[in-house]
Amino acid sequence: MKKSELRDKIKLLVKTVYGEKKLVDITAEKYDELTKFPELKDIIVDLLGPQFDVFLASIDWVAPKPTTFRINLKNGENFYLVFNQRSWIAEVEGKRYYLLNLNEEENATQAIARMLRYGMPNPSGPQEPAEFDTGSTGGNFPGNEGGGTEVEASAEETETEEV
């Protein structure tokens, strides 16, 4: 074997070895769980689309068995992906969607889209019930037997007694 033949064979081998090496997606490098669990990336792409990075804040590995991931969205909401023996299960807003079924996968996608539509969470927190007061003093509701009518009647009686 000549020196030039050996050089050609080495070049050919180097090209095949480096050509077969998978290039890791840039977005997958940002999330460590996607590099450890490539099936997870496929499910996230199915649910959020190929530009999932725009919507994700982080991915947390919550439990080893069943393998559970918390997907944190940039608007502060989150949902869970659970790996089952047969398929993945998406837990969105308390509902379970078995992603093996196409219609349930579509329903999960719509539920996630609704969560993304919520926008940023309210920084002031939930509003106090007193802020929703309509000005009524009660009424004849169960548990409020004649709530405000007695007050109004007693006020009228005091006015007539003074005159």
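See the structure printed just above.
What counts, and where the lines are drawn
- Residues numbered from 1 in each chain as written.
- Predicted model: local features only at pLDDT ≥ 70, side-chain atom pairs only at ≥ 80, totals over all residues.
- Heavy atoms only, no water.
- Helix = DSSP H or I, 4+ residues; strand = E, 2+ residues; numbered from the N terminus.
- Buried < 20%, exposed > 50% of the residue type's maximum accessible area, 1.4 Å probe, protein only.
- Pairing = 2+ DSSP bridges.
- Axes fitted to C-alpha atoms, helices over the stretch in contact; angles between N-to-C directions.
- Contact = heavy atoms within 4.5 Å.
- Polar contact = N/O pair within 3.5 Å; in protein donor to acceptor, adjacent residues only side chain to side chain.

Student: Sorry if this is basic, but what is going on with the environment of Asp-32 here?
Tutor: Along the chain, the position of Asp-32 falls in helix α3 (residues 32-36). The class of Asp-32 is partly exposed, set by a relative accessible area of 44%.

Student: Looking at this structure, I do not really get the sheet that holds strand β4 (residues 88-92). What am I missing?
Tutor: Where strands meet in a sheet, backbone hydrogen bonds hold them as pairs that are either parallel or antiparallel. Read across the open sheet, the 5 strands follow the order β1-β2-β3-β4-β5; overall the sheet is antiparallel. A single partner strand is all that each edge strand has here, and the edge strands are β1 (56-63) and β5 (95-98). Averaged over neighbouring strand pairs, the angle between their axes works out to 25° when direction is ignored. Strand direction decides the pairing type here: β1 and strand β2 (residues 68-73), joined by 6 bridges, are antiparallel. Residue pairing across strands places Leu-56 opposite Leu-73, the latter belonging to β2. Contacts from helix α4 (residues 38-48) reach β1, β2, β3 (78-83) and β4 within the one sheet, and its direction differs from that of β3 by about 135°. Packing of helix α5 (residues 102-117) onto the sheet brings it into contact with β2, β3, β4 and β5, and relative to β5 it is tilted by some 135°.

Student: Honestly, the pairing of β5 in this entry has me stumped. Any pointers?
Tutor: Regular strands place side chains that alternate from one sheet face to the opposite one. Of the strand pairs in this sheet, β4 and β5 are connected by 4 bridges, and their pairing is antiparallel. Within the sheet, the bridge partner assigned to Ala-90 lies in β5 and is Tyr-97. Taken together, β4 and the strand that follows it, β5, pair antiparallel across an intervening segment of 2 residues, in which Glu-93 is found at a positive phi of about 50°.

Student: Even after reading the chapter, I still don't get the side chain of Ser-87, so can you show me in this structure?
Tutor: Positionally, Ser-87 belongs in the loop between β3 and β4. Judged by its relative accessible area of 13%, Ser-87 falls in the buried class. A distance of 3.1 Å separates the side chain of Ser-87 from the backbone nitrogen of Leu-100, its partner in a polar contact. In contact with Ser-87, other than residues within four places in its own chain, are Val-82, Leu-99 and Leu-100.

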